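Listed below are the residues making up each chain.
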Amino acid sequence: MKFRPLHDRVLVRRVEEATKTAGGIIIPDTATEKPQEGEIIAIGTGTLDDNGKRVALDVKKGDKILFGKWGGTEVTVDGEELLIMKESDIMGIIES
């Protein structure tokens, strides 16, 4: 299935958290929180300003982002759990 977010929404894949500490201790699923980092896999076309001109998003496909703990709406696309969120829910881009 192809999915394209509308307007200022983005589709995000969560980055998997490590399940083992540096010392080798395995962290059970019940003790881990959902990660607040993700990768943008699709973006909308942007919003319209007061003059009807399209304003592009500041993020792009492939960007690594940081978002709020409760940000976004969980959806399942092709059996994969993803998040749809507005660009305003994104706190920032992680640069390497």
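Residues numbered from 1 in each chain as written. Predicted model: local features only at pLDDT ≥ 70, side-chain atom pairs only at ≥ 80, totals over all residues. Heavy atoms only, no water.

Peer 1: Honestly, the overall build of the chain in this entry has me stumped. Any pointers?
Peer 2: Of the regular secondary structure elements, the chain holds 0 helices and 8 strands. For the chain, the α and β elements follow one another from N to C terminus as β-β-β-β-β-β-β-β. Relative to its 96 residues, the chain shows a buried fraction of 27%. Once local pairs closer than 6 in sequence are excluded, the contacts in the chain between residues at least 24 apart make up 64%. Here the chain has roughly 7,000 Å² of accessible surface; of this, 51% comes from carbon and sulfur atoms. (Helix = DSSP H or I, 4+ residues; strand = E, 2+ residues; numbered from the N terminus. Buried < 20%, exposed > 50% of the residue type's maximum accessible area, 1.4 Å probe, protein only. Contact = heavy atoms within 4.5 Å. Areas by Shrake-Rupley, 256 points an atom, 1.4 Å probe, with all protein chains shown as cover.)

Peer 1: What is the right way to read the nonpolar core from this model?
Peer 2: The tendency in soluble globular proteins is for nonpolar side chains to be buried as a group. Grouped together as the largest cluster of nonpolar side chains are 10 residues: Val10, Val12, Ile40, Leu57, Val59, Ile65, Phe67, Leu83, Met85 and Ile90. Of all elements in the fold, only strand E1 (9-14), strand E5 (64-67) and strand E7 (80-86) reach the threshold of two or more residues within this core. Sequence-distant contacts of Met85, defined by excluding residues within four places in its chain, comprise Asp8, Arg9, Val10, Val12, Ile65, Phe67, Gly71, Gly72 and Ile90. Counting residues in hydrophobic clusters, the runner-up holds 6 residues, among them Leu11, Ile41, Leu82 and Ile84. (Core = buried A, V, L, I, M, F, W, Y, C linked by side-chain atoms within 4.5 Å.)

Peer 1: Can you help me understand the sheet that holds E1 in this one?
Peer 2: Think of a sheet as strands paired side by side through backbone hydrogen bonds, with each pair either parallel or antiparallel. Spatial strand order, E6-E7-E1-E2-E5-E8: 6 strands in an open sheet with antiparallel pairing. For this open sheet the edge positions go to strand E6 (73-77) and strand E8 (90-93), each flanked by a neighbour on one side alone. Averaged over all pairs of adjacent strands, the angle between their axes in this sheet comes to 45°, without regard to strand direction. Bridge analysis of strand E2 (residues 37-43) against E5 gives 3 bridges, and the strand direction is antiparallel. For Glu37, the partnering residue across the bridge sits in E5 and is Leu66. (Pairing = 2+ DSSP bridges. Axes fitted to C-alpha atoms, helices over the stretch in contact; angles between N-to-C directions.)

Peer 1: In this structure, what is going on with the pairing of E6? I would like to understand it.
Peer 2: Sheet topology note: the E6/E7 ladder contains 5 bridges and is antiparallel. Looking at the pairing, Thr73 lines up with Ile84 of E7. Adjacent in sequence and paired antiparallel, E6 and E7 are bridged by 2 residues, among which Asp78 carries a positive phi angle near 55°.

Peer 1: Mind showing me how you'd approach unusual backbone geometry here?
Peer 2: If a residue is not glycine, its phi is most likely negative; likewise, a peptide bond is most likely trans. Backbone geometry at His7 places phi at a positive 55°, although glycine is not the residue there. Within the element layout of this structure, His7 appears in the segment before E1. Here the phi dihedral of Asp78 falls at roughly 55°; this positive angle occurs in a residue that is not glycine.

Spatial relationships are all this shows, so hold off on functional conclusions.
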